[in-house]
Amino acid sequence: MTPPRPSTLRRCADGLYCLVATPVFCVVMFGFFCPLVLVSPTLPLRRAIGRAAVHVCLALIGQRLRREAMNGLPDTPAVVVSNHASYMDGLILTAVLPGRFTFVVQDGAARWPFVGRVLRRMGVSFINRSSVRAGAQQTRQLMKRLKCGESLAIFAEGTFDDHAPGLLPFKNGAFLLAARAEVPVVPAVIRNSREMLGAGWRGFRWRPVSVVIGPPCLPTGSDRAAVAALKQQARHWIAARCGEPDLEALTDTSPDAEPDAEPDAGPDAGPDARFGGP
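So, a few notes on the structure that sits alongside this text. Since the structure is predicted, the reported quantities are computational estimates derived from the model, not experimental observations. (Residues numbered from 1 in each chain as written. Predicted model: local features only at pLDDT ≥ 70, side-chain atom pairs only at ≥ 80, totals over all residues. Heavy atoms only, no water.)

Turning our eyes to something else, we now look at helix α1 (residues 8–39). The terminal C-alpha atoms of α1, which comprises 32 residues, lie 45 Å apart, in line with the 46 Å expected from a rise of 1.5 Å per residue. Helix geometry: α1 is bent most strongly at Cys 18, by close to 30°. Considered for burial, the residues of α1 that qualify are Asp 14, Tyr 17, Cys 18, Ala 21, Thr 22, Phe 25, Met 29, Phe 33, Cys 34, Val 37 and Leu 38. (Helix = DSSP H or I, 4+ residues; strand = E, 2+ residues; numbered from the N terminus. Expected span 1.5 Å × (residues − 1). Bend = angle between axes of the 7 residues up to and from the residue. Buried < 20%, exposed > 50% of the residue type's maximum accessible area, 1.4 Å probe, protein only.)

Written out as structure tokens, the structure reads:
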């Protein structure tokens, strides 16, 4: 269903806000905090600066970031999976998750000018989608890191469509990792990030954004059925709270549809089948 068209007054207010807020956010974030991350000596310090940077920059442009049920995060290793609707989502999760969480993203982000260097300094893990061997090796390394006590944050959809609001089908990578490392999956919902930065707009609009942490989902095994059940449990919780249509439910016409085949992907399967797009 197409959302109602905002009034002329609302569009004018959004436009004026965008003209002021967008340059303020970019100058402070990319002109001050990102260089500070680049020169800071330790990873814990860089991640602390990154979290503070997001809070400061959002406060400077009058944005409110609300956190709910943060006590649902376990102190033990876990994989947080979230919906993905905007380029702001990574920054938003950076602001709310503890510094022990490592983000997993596609390797193309490492080549972004300037930003790629900042991501590497923040300890982001990159998945090589162009090489099956490299992607499989990186996946095995992530499993070992989980078993050694680290925690991961992954956008389960793998990408987002800026012009078509909705929750895309989940990739299997996060759930396969959690099942094989025997750690819980923690679903998280980011609300209103698309309206704040996205949906065809080139800058910020004032919208209150919130992050809700769900109850941990415990894997019951690492076989195909267990991975599929783990993914479905997390997806059901996120779909019920993200405020956007469940596109998988709208397009799935058969219980034996193709997505059901993906959980068989092992550690040597291609990374596209497990972690998805940009």
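Resuming the write-up.
In this model, Phe 114 sits at a positive phi of 65°, which is unusual for a non-glycine residue. One can find Phe 114 in the loop between β3 (101–106) and α4 (115–121). Judged by its relative accessible area of 32%, Phe 114 falls in the partly exposed class. Of note, the phi angle at Glu 182 is positive, near 60°, even though the residue is not glycine. The topology assignment puts Glu 182 in the loop between α6 (173–181) and β6 (185–191). Residue class for Glu 182 comes out exposed when judged on its relative accessible area of 69%.

Here we come to the pattern of salt bridges. On inspection of all chains with the given rule, the structure shows 8 salt bridges. Here Arg 10 makes a salt bridge to Asp 14, at a shortest N to O gap of 3.7 Å. Within this pair, Arg 10 and its partner Asp 14 are both found in helix α1, separated by 4 residues, close to a single helical turn. Among the salt bridges present, the one from Arg 145 reaches Glu 150, with a minimum N-O distance of 3.1 Å. (Salt bridge = Lys/Arg side-chain N within 4 Å of Asp/Glu carboxyl O.)

Between α1 and helix α2 (residues 43–60), whose axes approach to 10 Å, the crossing angle comes to 165°. Overall, the two elements α1 and α2 adopt an arrangement that is roughly antiparallel. Here α1 and α2 pass one another in a crossing that is right-handed. Between α1 and α2, the residues in contact are Val 24, Phe 25, Val 28, Met 29, Phe 33, Leu 36 and Val 37 and Arg 46, Ile 49, Gly 50, Ala 53, Val 54, Val 56, Cys 57, Leu 58 and Leu 60, respectively. (Axes fitted to C-alpha atoms, helices over the stretch in contact; angles between N-to-C directions. Parallel < 35°, antiparallel > 145°, perpendicular 65-115°, else oblique. Left-handed = near helix turned anticlockwise from the far one by under 90°. Contact = heavy atoms within 4.5 Å.)

Our next topic: a nonpolar patch on the surface. Side chains of Leu 16, Leu 19, Val 20, Val 24, Val 56 and Leu 60 sit close together on the surface and give an oily, nonpolar patch of about 560 Å² of accessible area. The set of elements that each furnish at least two residues to the nonpolar patch consists of α1 and α2. A total of 4 residues in the nonpolar patch trace back to one element, the largest contributor, which is α1. Within the secondary structure layout, Val 24 lies in helix α1. For Val 24, a relative accessible area of 31% corresponds to the partly exposed category. (Patch = residues over 30% accessible without salt bridge, like charges linked within 9 Å, V, L, I, M, F, W, Y side chains within 5 Å. Areas by Shrake-Rupley, 256 points an atom, 1.4 Å probe, with all protein chains shown as cover.)

Let's shift gears to the nonpolar core. Ranked by size, the top nonpolar core spans 43 residues in total, and within it Leu 97 and Phe 204 carry the most contacts. When residues of this core are traced back to their parent elements, those giving at least two are α1, α2, α3 (89–96), β3, β5 (151–155), β6 and β7 (209–213). Ranked by the residues each element gives to this core, the list is headed by α1, at 8 residues. Filtering out sequence-adjacent residues up to four positions away, Leu 97 remains in contact with Arg 51, Leu 73, Val 80, Phe 103 and Ala 153. (Core = buried A, V, L, I, M, F, W, Y, C linked by side-chain atoms within 4.5 Å.)

The next thing to look at is the packing of α2 against α3. Relative placement of two packed helices is described by the angle separating their axes and the distance separating the axes. Two elements in contact, α2 and α3, have axes whose closest approach is 8 Å; the angle formed by their N-to-C orientations is 115°. When the interaxial angle is binned, α2 and α3 end up roughly perpendicular. Seen from above, α2 lies across α3 with left-handed handedness. Touching Gly 50, Arg 51, Val 54 and His 55 of α2 are Leu 91, Thr 94 and Ala 95, all from α3. Here the residues of the contact of α2 with α3 sort into 3 nonpolar, 3 polar and 1 charged. (Nonpolar A, V, L, I, M, F, W, Y, C, P; charged D, E, K, R; others polar.)

Read from one edge of the open sheet, 7 strands run β1-β7-β6-β2-β5-β3-β4, paired in mixed fashion. Looking at the sheet topology across the chains shown, the edges are occupied by β1 (65–68) and β4 (125–127). Direction aside, the axes of adjacent strands within the sheet are offset by 25° on average. Here α3 sits on the sheet in contact with β1, β2 (79–82), β3, β5, β6 and β7, set at roughly 55° to β1. Docked against the sheet, α6 engages β2, β5 and β6, running at close to 160° with respect to β2. (Pairing = 2+ DSSP bridges.)

Any functional reading would require information beyond the geometric quantities listed.
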